[in-house]
Amino acid sequence: MGKKVLIIDDSSTMRKIVTRSLRQAGLDFDTILEAGDGVEALQVLQNESVDIILSDINMPNMDGIEFLRQKAGIDAIKAIPVIMITTEAGADILTEAKSLGAAGSIKKPFTPDQVSDIIGPLV
Amino acid sequence: MDWEQHVIDATTEVFSTMLMMEVTPELPRLETIEPFDHSITGMVGMAGQYKGMLAIHACDQVAMAITSNFLGLEVDSLNDDVKDAFGELANMLAGSIKAYLSDNSRDIQLSIPSAVCGQNYSIDFHPHRRSTMVPFTSAEGTFLVELQLEHQS
Amino acid sequence: MDLSAAIIDSTSDVFSTMIPLDAIPGSPITEKMLSFHESITGMLGFSGDIKGMLRLHCPSMVALAITGSLLGMEVEQIDDDVHDAIGELANMVAGGLKVNLAEHNKNIELSIPTAIGGISYTIHGLASAERITIPFALKTGQMLVELEFIRA
């Protein structure tokens, strides 16, 4: 099918953990792209079309909320679903993420089943 | 984001007022650093609108000399005074940086400080990511002040 | 409220969801001065109604097993991944603790996680602070989850 996912997190280890969870959740993406922050993610999205984006919230340079805001203003990518991955974002931040177009959120720690329940329907 | 100047201002201020020590900032470290050898690290967490961690690292000899100035008494071993002093220094540096970042003191809150010491240990340092590590020289020797910080949405 | 139970619950929750390794909680340890050899400590500070630090101490073998399990691959040496993974584990346990405390009307804010590792180090807390340390037995060794705090 050639599905592509973009994982945005400032920790490369966390990106690996998310990659492992996707695999265990039975979500077989052909291509897994990574970015360390929102700025890098926007650069990646200039050249690559992806099916879904999984994004951390707290990141340097450009955080997950600002990334959502910028992405919403770019016609070519604004329809790509974004799932926020967070440890402790308050309801207010998640509400803001929703209002900026986030398709959902996953709270750490998460099981492969939770990953598959939330991401599965979107890809 | 560039926090370097905050680190320099806070350290210069805390050392000149509390320790009567003149310290000179050197160029920030941009590479990962070697494990600390017979050293001590005082650290404190920062939470709230900005989240982060402030740490001050020094080798045992420099740490004892700094503590002597800080407490106004001779310190010749790495005793509880040195560990408490380094926790407290981290606390004061973070408190001072906190004041530069926000006028409202409730926006950023500090955790309690602690000190790590040992013959050999390393602490994660991510240059180019969200960490600033500035070396300072003084009459007592060199020490490092590290700030990891991120602004919350 | 029972903070020991809260530490056990949030730690066990992270293991049961993300790390398929047995980690069996034991009785709290009362020693205040902790020394570590060939270990990694993930830690983060918190502030609010309770101020303190959460630290998670793992001997290298335990840290390798946990990281391998989190990443879903064999991890044979202590590298940045292991440091990041143990920091992230401390972060997730603290996140669980935050939710648990909020249910008891205590609010805390978390700092960012850091990991320390090395051949030999000790950690020195505040004399005035309370400490609760819960050991968890894993097949590869013992992990300690330590909460040092003062009530605001």
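Refer to the structure printed above.
The paragraphs below set out a description of the structure included in this document. Worth saying up front: this structure is predicted, and the values here are computed from it rather than measured.

Looking at the overall build of chain B
And step 1. A tally of regular secondary structure across chain B gives three helices and seven strands.
And step 2. Counting from the amino terminus, chain B carries its helices and strands in the arrangement α-β-β-β-α-α-β-β-β-β.
And step 3. Reported as C-alpha extents along the three principal axes, the dimensions of chain B are approximately 45 × 30 × 25 Å.
And step 4. Considering chain B as a whole, with its 153 residues, one finds that 50% of them fall into the buried category.
And step 5. For chain B, the share of sequence-separated contacts (at least 6 apart) that also reach a separation of at least 24 residues comes to 67%.

Re the interface of chain C and chain B
And step 1. The interface is formed by 30 residues belonging to chain C together with 29 residues belonging to chain B.
And step 2. If you list the elements that add at least two residues to the side of chain C that touches chain B, you get strand S2 (34-48), strand S3 (50-59), helix H3 (80-103), strand S4 (108-110), strand S5 (114-124) and strand S7 (141-151) of chain C.
And step 3. With eleven residues, S5(C) is the single largest residue contributor to the side of chain C that touches chain B.
And step 4. When the residues that make up the side of chain C that touches chain B are grouped by side-chain class, the tally is 13 nonpolar, 14 polar and three charged.

Quick look at the packing of helix H2 (residues 60-71) of chain C against H3(C)
Residue and element names in this part refer to chain C.
And step 1. Two numbers describe how H2 lies on H3: the axes approach to 9 Å, and their chain directions differ by 85°. Comparing their axes, H3 and H2 come out roughly perpendicular. Contacts between H2 and H3 pair Ala63, Leu64, Ile66, Thr67, Leu70 and Leu71 from the former with Asp81, Val82, Ala85, Ile86 and Leu89 from the latter.
And step 2. Taken together, the residues of the contact of H2 with H3 break down into nine nonpolar, one polar and one charged.

As for helix H2 (residues 38-47) of chain A
All names here are of chain A.
And step 1. Within H2, burial applies to Gly38, Ala41 and Leu45. Relative to the axis of H2, the buried residues are bounded by an arc of 55° and lie together on one face. When the buried face of H2 is taken as reference, the exposed residues oriented beyond 90 degrees from it are Gln43, Gln46 and Asn47.
And step 2. Of the surrounding elements, those touching the buried residues of H2 are strand S1 (4-8), strand S2 (31-35) and helix H3 (64-72).

What to know about helix H1 (residues 3-18) of chain C
Residues and elements named next belong to chain C.
And step 1. If you check H1, its first and last C-alpha atoms are 22 Å apart, about what 16 residues at 1.5 Å a residue would give, namely 22 Å.
And step 2. Along H1, the residues that are buried comprise Ala6, Ile7, Ser10, Thr11, Val14, Phe15 and Met18. One side of H1 holds all its buried residues, which, seen down the axis, span an arc of 160°. In H1, the exposed positions angled more than 90 degrees off the buried face are occupied by Ala5 and Ser16.

Regarding the sheet that holds strand S3 (residues 52-56) of chain A
Residues and elements named next belong to chain A.
And step 1. Taken together, five strands build an open sheet; the order of strands is S2-S1-S3-S4-S5 and the sheet is parallel. In the strand order of this sheet, the two ends are held by S2 and strand S5 (104-107), each with one partner. Mean inter-strand twist for the sheet, computed between neighbouring axes without regard to direction, equals 20°.
And step 2. Relative to strand S4 (residues 82-86), S3 runs parallel, the two being bridged by four bridges. Counted as the bridge partner of Ile53 is Val82 from S4.
And step 3. Each of S3, S4 and S5 touches helix H5 (residues 112-119); the most contacted strand, S5, lies at about 175° to it.

Cut-offs and rules
Residues numbered from 1 in each chain as written. Chains lettered and ligands numbered in written order. Predicted model: local features only at pLDDT ≥ 70, side-chain atom pairs only at ≥ 80, totals over all residues. Helix = DSSP H or I, 4+ residues; strand = E, 2+ residues; numbered from the N terminus. Buried ≥ 20, exposed ≤ 12 C-beta atoms within 10 Å, placed from the backbone. Contact = placed C-beta atoms within 7 Å. Nonpolar A, V, L, I, M, F, W, Y, C, P; charged D, E, K, R; others polar. Axes fitted to C-alpha atoms, helices over the stretch in contact; angles between N-to-C directions. Parallel < 35°, antiparallel > 145°, perpendicular 65-115°, else oblique. Arc of directions from axis to C-beta. Expected span 1.5 Å × (residues − 1). Pairing = 2+ DSSP bridges.

Just distances and angles here, no functional claims.
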